[in-house]
Amino acid sequence: MDVKTTFLNGELEEEIYMEQPEGYVIPGQEKKVCRFKKALYGLKQAPRAWFDKFSTVVSSLGFIFNFHDSALFFRSSRTGHILLLLYVDDMIITGDDIDGITNLKSTLSRRFEMKYLGHLHYFLSIEVTYSEKGYLLSQSKYTADILKRARLTDTHIVDSLLEVNVCYTPIDGDPLPDPTLYRSVVGSLVYLTITRPDIAYVAHIVSQFVCSPTSVHWVTVMHIFRYLRGTLDYGLHLYPSSTSTLVSYTDVDWGRCPDTRRSTSGYFMFLGNNLVSWSAKRQATLSRSSAEDEYRVLANVVSESCWLRNLLLELHCPIQKATLVYCDNISAIYLSGNPVQHQRTKHIEMDIHFVREKVARGQVRVCHVPSRYQIADIFTKGLPSVLFEDFRDNLSVRRPPAMTAGVC
C-alpha cells in the first residue's frame, strides 16, 4: 500500500512558526507569522511526526512495536498473525490472517489517504517474482537504468568481477576531471547489493575512492557494469524451508589495504536455506595478526545472529538450535572456547568475552571450514571465474526459473 501526502498527516508537538508565504501576505499585517498545526514537507520534524502518528494508529489496532526493527509491526491473535513493514510512505502487509488483513487495509484507508497496489511485485526498486519454487528478488530494471546512466558504449560482457590478488590505491591513474558520474553510479551499485550479494565486495572497493576517483577506478567500474550486463536478470532466490537454523560463514583478508594495512572482512548468514544477511567492509582498526582480524569479524557475525534471533523470537518463531559460525582460522576458533586470557588478546577483550559468553550459553558454535569451501571469500577478495561462479550459486544468486507462475 502507498500513503499519499504522507508527511501532512503528522501532528507537531513543538511550536514552529514561519513567515507568511509569498503571494499570501496579509496587507497591513506583514510582520505577523504563521504557526504550524501539522507537519509540512521540508520540516526536519515531519518524518518523526508522521511515524509517531502512524504507530499510534496501528497500536490502537492491536499491533505491537518491534524493538529490534522500528519499522516492523506485528499482531498475533487466535485467527493468525499479521506483519506490517513501513518505509516512509510505502508498506508491505503479509500474514496468515486473511480477514484481519482485509480489515486492516480498510481501516488504514479510512484514517489516511492510501492506495492499494495489489500483490507485492515492486518495492523500493526491488522486483518480486513468484514461482512454484519460491520468490526471486531482483533489480533488473534498476540495473538497466544504471547502465544507461553510465553511458557504457560497447557490448562486451565479462564473467568475473576482479582479477585475483589485484589491489587499488588512491594514486592509480589520472584524476577524473568531473567525478560526479563516478559518485552517482557507485552509490547506485551500493544499493544494488540488496539483491546482488555477489557484487558486495567490488562495490565496497570502488566506493573507497568516491572522494578522488581516477581513470583506473573508472575502468574498474566499467568492468563491473560489463559483468552486470551479462547477469542482468540475476537475483536472490528465496525458497520454502522447514529448517529453522542460523548458519554463517566469516572470513578476513588480512592487511588487504596497501595504504592503511587495514583488513577487509566479510560474512553472510543463512536462515534455513535462504540468505538473509551479508557484509563486506574494511575494518575500522588495524590488527596485528590474522587471528585478531578473524575474531573481530567473528564477534560481528555473532552480534548479527543475536539480533536475528531476538527478532524472530518477537515474531513467535524462536531459533532453538545454536547458531553455527564457520571460520577457517584455527586460532580464532580456539580463542572462542578457551577460558584462559592471554597477554596478546587483552586489546580485544570485549570481543573475546562477548563470543565466549554466547558459546558457553549454547547459542553459538564456532566450527572450522577448509579454505576451499570458505564461501565468504567472495566478500573479501577477487576469485577465479570458476570459483566465483560456484560461490555465487551457493549464495542463491541465480537466473530466474524458466517458468514463473503468475500472481493469483
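Nothing here was measured: the structure is a model prediction, and the numbers come from that model.

(A) Here's a closer look at the overall build of the protein. Regarding its fold elements, the protein presents 10 helices and 18 strands. Principal-axis analysis of the C-alpha atoms places the extent of the protein at approximately 75 × 60 × 55 Å. Here the protein holds 408 residues, and the buried ones make up 46% of them. At a minimum sequence separation of 6, the contacts of the protein that also span at least 24 residues come to 68%. In the form shown here, the protein has an accessible surface area of approximately 22000 Å², with 55% of it arising from carbon and sulfur atoms.

(B) Here's a closer look at the side chain of Thr220. For Thr220, the location among the structural elements is in helix H6 (residues 215-230). Look at Thr220 and you get buried, because its relative accessible area is 7%. In terms of polar contacts, Thr220 uses its side chain to reach the backbone carbonyl oxygen of Val216, at 3.1 Å. Here Thr220 is in contact with Leu162, Tyr168 and Val206, once residues within four sequence places are set aside.

(C) Looking closely at the sheet that holds strand S15 (residues 274-282). In spatial order, the strands read S15-S14-S13-S16-S17; together these five strands make up an open sheet with mixed pairing. At either margin of the open sheet sits one strand with a lone partner, and together these are S15 and strand S17 (364-368). Across the sheet, the axes of successive neighbouring strands diverge by a mean angle of 20 degrees, strand direction being ignored. By the bridge criterion, five bridges tie strand S16 (residues 323-327) to S17 in an arrangement that is parallel. From the neighbouring strand, Val325 faces S17, where its bridge partner is Val366. Lying over the sheet, helix H7 (residues 290-314) contacts strand S13 (246-253), strand S14 (264-271), S15, S16 and S17, oriented at roughly 155 degrees with respect to S13. Against the sheet, helix H8 (residues 330-337) engages S16 and S17, with an angle of about 150 degrees to S17.

(D) A look at the UniProt feature "domain: Reverse transcriptase Ty1/copia-type" (unreviewed entry) in the protein. When the UniProt feature table is mapped onto this chain, "domain: Reverse transcriptase Ty1/copia-type" (unreviewed entry) is found at residues 1-156. Across residues 1-156, helical content stands at 26% and strand content at 29%; the span's end C-alpha atoms are separated by 40 Å.

(E) Quick peek at the pattern of salt bridges. What the rule picks out here adds up to nine salt bridges. Lys381 serves as the salt-bridge partner of Asp251, at 3.3 Å between the closest nitrogen and oxygen. One end of the pair, Asp251, is in strand S13; the other, Lys381, is in the loop between S17 and helix H10 (385-394), with 130 residues separating them in the sequence. Looking at Lys381, the relative accessible area reads 22%, which means it is partly exposed.

Conventions and cut-offs
- Residues numbered from 1 in each chain as written.
- Predicted model: local features only at pLDDT ≥ 70, side-chain atom pairs only at ≥ 80, totals over all residues.
- Heavy atoms only, no water.
- Helix = DSSP H or I, 4+ residues; strand = E, 2+ residues; numbered from the N terminus.
- Buried < 20%, exposed > 50% of the residue type's maximum accessible area, 1.4 Å probe, protein only.
- Contact = heavy atoms within 4.5 Å.
- Areas by Shrake-Rupley, 256 points an atom, 1.4 Å probe, with all protein chains shown as cover.
- Polar contact = N/O pair within 3.5 Å; in protein donor to acceptor, adjacent residues only side chain to side chain.
- Pairing = 2+ DSSP bridges.
- Axes fitted to C-alpha atoms, helices over the stretch in contact; angles between N-to-C directions.
- UniProt positions renumbered as here; feature names shortened; annotations may be inferred.
- Salt bridge = Lys/Arg side-chain N within 4 Å of Asp/Glu carboxyl O.

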